[in-house]
Each structure stands twice: as structure tokens, then as C-alpha cells.
Amino acid sequence: MENTFVLFNNQITERENVSIDMEDRGYNFGDGIYEVVYIYGGKPFSMDEHFRRFEESARKLEMKMPCPIEELKEKTAELIQANNIHNGIVYIQMTRGASARAHLYEKEAACLITGFARKMDPPAEAQEKGVKTYLTPDIRWLRCDIKSLNLLGNTMAKRIAADHACGEALQHRDGICTEGSSSNLFIVKNNEVHTHPANNLILNGITRQHILQIAGEQGITVKEAPFSTEELQAADEVFISSTTMEIAPVISVEGDVQATYPIGSVTRALQKKLKDKIKQNRVHQ
Ligand code: PMP
């Protein structure tokens with residue numbers, strides 16, 4: 001098997017050397033957090049932003065980092081090198097470690113870090129031709145701002161979308177659109193971009209933050225304000241964003257509302273500027 005080096009606490013080791021306790025709280029309760037960073041041409045993109053969010057998630061869950069974040073970043077870079085990744089992802093996870101199963105967590109618990117890196121090319125077809133989506137109620141908890149391992153609402157939504165031959169699920173809470181199952185959601189109306197505010201109901205995507213910045217630089221108005229499923233239906237353009245997808249146009253929505261969309265000029269402009277920013281990162285780092 002290729003790419004067998006993994007991170008286990010502060011060690012880079014072969015995957016077969018790692019075993020996890022069956023009473024790890026990540027396994028019993030989903031008590032943990034993670035990050036995914038994209039690697040372009042051997043270099044991670046927005047590593048600092050991802051690890052800042054990792055620390056933020058840890059803080060919100062009162063998890064104690066077992067090492068300084070800079071050390072974790074160094075280990076992550078080593079992991080990428082050990083697996084000789086040109087294009088791909090690195091996944092870093094931290095759980096609250098093993099203890100006799102009980103709901104109450106200890107704030108001082110020794111957390112367990114694991115990570116892997118995997119080759120993966122950017123999804124050129126989704127970026128070029130767009131994706132079909134399926135709109136479904138957002139059944140998740142009320143702390144979607146934490147990048148936690150509890151992803152059942154997200155995985156169920158993704159399954160429903162796939163059952164309808166759609167590549168991504170869009171979610172709404174009582175008629176207000178929140179985000180995708182693993183992406184942020186944007187609509188364009190009269191050349192203005194709308195996206196849900198970064199509160200407890202969505203994950204504040206790193207890609208989302210890049211898009212807000214790029215839109216500002218391009219003089220494109222962005223409204224971080226809730227929008228309804230009717231507004232989604234009536235949008236001129238729709239797109240989704242994530243670390244692994246960058247920006248993908250949405251060409252249709254089914255489920256709780258139905259519409260088809262052209263791939264418009266605002267989406268294409270933002271897509272191109274994000275690619276430029278990624279390329280610059282490759283040159284400068
Ligand atoms: N929302 C959810 C629910 C996600 O899982 C993701 C992907 N991690 C995103 C948004 C996009 O975040 P990012 O741009 O940081 O990958």
C-alpha cells in the first residue's frame with residue numbers, strides 16, 4: 001500500500017505500528033476535532049489558517065493541546081514529506097484520548113493526535129462542469145462552528161444527495177439555507193454574493209474566508225446575511241466552496257426546492273482568482 005506513513009502523537013511511523021484504544025473518546029463519543037489541508041505541488045495551502053481554526057476548535061471543546069501548535073505544524077510538514085505528496089490532502093485529528101467510558105470529560109485529559117496524508121488531484125470536472133445538489137433539512141447540532149468529529153448529520157445529508165444522483169447536499173434550517181454537507185454555500189443575485197453569516201450554524205470555511213477577501217479585492221459586494229430557500233431557488237448563480245473542492249459551480253438543486261442554474265461570470269471570476277491565489281502560494285512559500 002502506498003503512503004503508509006502516519007502521524008501518531010509526535011511520531012511519524014508506519015501505519016501498521018498504530019493501534020487505538022477501543023475506549024478512545026473519539027471512538028466512543030466522537031469527542032474530537034480535525035482539519036484537512038490541501039497540498040498543491042508539495043506545499044500546504046493556508047496551513048496557518050487551518051491550524052488556527054484547529055486551536056480554536058480545541059479551545060471551544062476545552063481540549064488541552066498536547067504540544068505547541070508550531071510543533072504540530074512541523075510534524076504535519078514532515079508527514080507530507082514522508083509520504084511524498086505532490087497534490088493531495090493532509091488530515092490531522094485530535095481526540096480526548098482513552099479513558100473508562102463516562103460522559104463527563106476531564107479538562108486535563110491527555111489528547112491523542114493522529115494524521116495521514118493522501119494523494120488527490122483537485123476535482124477538475126466538478127470545478128469545470130459544476131455539481132448537482134440536493135436540498136434537505138439541516139438536522140445537525142447547534143455548534144457547527146466547531147470542526148468536530150461528530151459528522152452524522154453531514155454524512156446522512158451526503159447520503160441522501162447521492163441517493164438522488166447529486167454530488168452535494170445543501171442544508172436549510174426552517175427555510176434558511178446554512179451550508180453544504182462538506183462545503184459552504186453562496187448564491188449570486190444581481191451580481192451580489194450572499195452567504196450565511198459565520199455563526200454557530202455553519203463552519204467558517206477557510207476557503208469561504210478567502211472568497212470574502214477576493215470578492216472585496218474585486219469590488220464584488222458580499223452580504224454575510226441569512227437567505228431563504230426561495231432566494232436559493234431564485235438565484236442567478238450558486239456555488240459551493242471547500243478546501244478539497246476550491247469553488248465548484250452548482251448547476252441544479254433538487255429536493256426541498258428545485259431549480260437549474262447557469263455557470264455565471266461571478267462564479268467564474270472568483271474561481272479564477274482563488275486559483276491565482278493558490279498558485280502564488282506555491283511560488284512564495
Ligand atoms: N462546511 C462544512 C460542514 C465542511 O465540512 C467544510 C469542509 N471542511 C466546509 C464548510 C468548508 O471548509 P473549508 O473551506 O475550511 O474546507
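From a predicted model like this one, the values you see are computed outputs, not experimental measurements.

Broken down by element type, the protein carries eight helices and 15 strands. For the protein, the spread of C-alpha atoms along the principal axes amounts to about 55 × 45 × 35 Å. Per-residue burial for the protein yields a buried fraction of 51% across its 285 residues. The contacts in the protein between residues at least 6 apart in sequence include a share of 73% that link residues at least 24 apart. Per element, the accessible surface of the protein, about 13,800 Å² overall, is 51% carbon and sulfur. A distance of 3 Å separates the average location of the 33 positive side-chain charges in the protein from that of its 39 negative side-chain charges.

You can read the domains of the protein as domain 1 (5-120) and domain 2 (125-284). A separation of 26 Å is found between the C-alpha centroids of domain 1 and domain 2. Residue-level contacts link 27 residues of domain 1 with 20 residues of domain 2. Here domain 1 and domain 2 share an interface that buries about 2,000 Å² over both sides, 62% of which is from carbon and sulfur atoms. Run the count over domain 1 and domain 2 and you get one salt bridge. A salt bridge links Asp 145 to Lys 60; the nearest nitrogen and oxygen atoms lie 2.9 Å apart. The tally of links between domain 1 and domain 2 comes to eight residue pairs in polar contact (both at pLDDT 80 or more). Listing elements by their share of the side of domain 1 that touches domain 2, those giving two or more residues are α1 (25-29), β3 (32-40), β4 (43-44), α2 (47-60) and β5 (88-95). At eight residues, the largest contribution of residues to the side of domain 1 that touches domain 2 is made by β3. Partitioned by chemical class, the residues of the side of domain 1 that touches domain 2 number 13 nonpolar, nine polar and five charged.

Taken in spatial order, the six strands make up an open sheet running β2-β1-β6-β5-β3-β4, and their pairing is antiparallel. Whereas interior strands pair on both sides, the edge strands pair on one side only; in this sheet they are β2 (11-14) and β4. Pairing geometry for β5 and strand β6 (residues 112-119), over eight bridges, is antiparallel. Among the inter-strand pairings, Ile 92 is bridged to a residue of β6, identified as Gly 115. Along the sheet face, α2 touches β3, β4 and β5 and points at about 175 degrees away from the line of β3.

Now for unusual backbone geometry. At Ala 165, a position not held by glycine, the phi torsion is positive, near 60 degrees. Summarising the element assignment, Ala 165 is placed in the loop between α5 (152-163) and β8 (168-173). Look at Asn 191: it is not a glycine, yet its phi comes out positive at around 70 degrees.

If you look at the biggest cluster of nonpolar residues, it comprises 23 residues, and the most contacted ones within it are Ile 33, Leu 72, Val 90, Ile 92 and Met 94. Breaking this core down by element, the ones donating at least two residues are β3, α2, α3 (69-82), β5 and β6. When neighbours within four sequence positions are excluded, Leu 72 is seen to be in contact with Leu 7, Phe 51, Phe 54, Met 65, Cys 67, Ile 92 and Ile 113. Counting 21 residues, the second largest nonpolar core, distinct from the first, contains Val 36, Tyr 38, Phe 186 and Leu 270.

In the vicinity of the ligand, 16 residues are found, and the nearest of them are Lys 147, Glu 179, Ile 206, Thr 207 and Thr 243. Glu 179 is positioned with one of its side-chain polar atoms (N or O) 2.7 Å from a nitrogen atom of the ligand. With the chains in place, 92% of the 390 Å² that the ligand exposes on its own is no longer accessible. Counting residues per element, the ones that place at least two in the shell around the ligand are α6 (206-217) and β13 (237-242).

Moving on, we get to the pattern of salt bridges. Per the stated rule, a full pass over the model turns up 22 salt bridges. Note that Asp 276 and Lys 272 form a salt bridge whose closest N and O atoms lie 3.2 Å from each other. You can see Asp 276 and its partner Lys 272 sitting in helix α8 (residues 265-284), four residues apart, about one turn around the helix. Lys 272 sits in the partly exposed class, given a relative accessible area of 49%.

Reading guide: rules and limits
- Residues numbered from 1 in each chain as written.
- Predicted model: local features only at pLDDT ≥ 70, side-chain atom pairs only at ≥ 80, totals over all residues.
- Heavy atoms only, no water.
- Helix = DSSP H or I, 4+ residues; strand = E, 2+ residues; numbered from the N terminus.
- Buried < 20%, exposed > 50% of the residue type's maximum accessible area, 1.4 Å probe, protein only.
- Contact = heavy atoms within 4.5 Å.
- Areas by Shrake-Rupley, 256 points an atom, 1.4 Å probe, with all protein chains shown as cover.
- Lys, Arg positive; Asp, Glu negative; His and termini not counted.
- Charge placed at Lys NZ, Arg CZ, Asp CG, Glu CD.
- Domains from an automatic or database assignment.
- Buried area = accessible area lost by both parts, 1.4 Å probe.
- Salt bridge = Lys/Arg side-chain N within 4 Å of Asp/Glu carboxyl O.
- Polar contact = N/O pair within 3.5 Å; in protein donor to acceptor, adjacent residues only side chain to side chain.
- Nonpolar A, V, L, I, M, F, W, Y, C, P; charged D, E, K, R; others polar.
- Pairing = 2+ DSSP bridges.
- Axes fitted to C-alpha atoms, helices over the stretch in contact; angles between N-to-C directions.
- Core = buried A, V, L, I, M, F, W, Y, C linked by side-chain atoms within 4.5 Å.
- Near = heavy atom within 4 Å.

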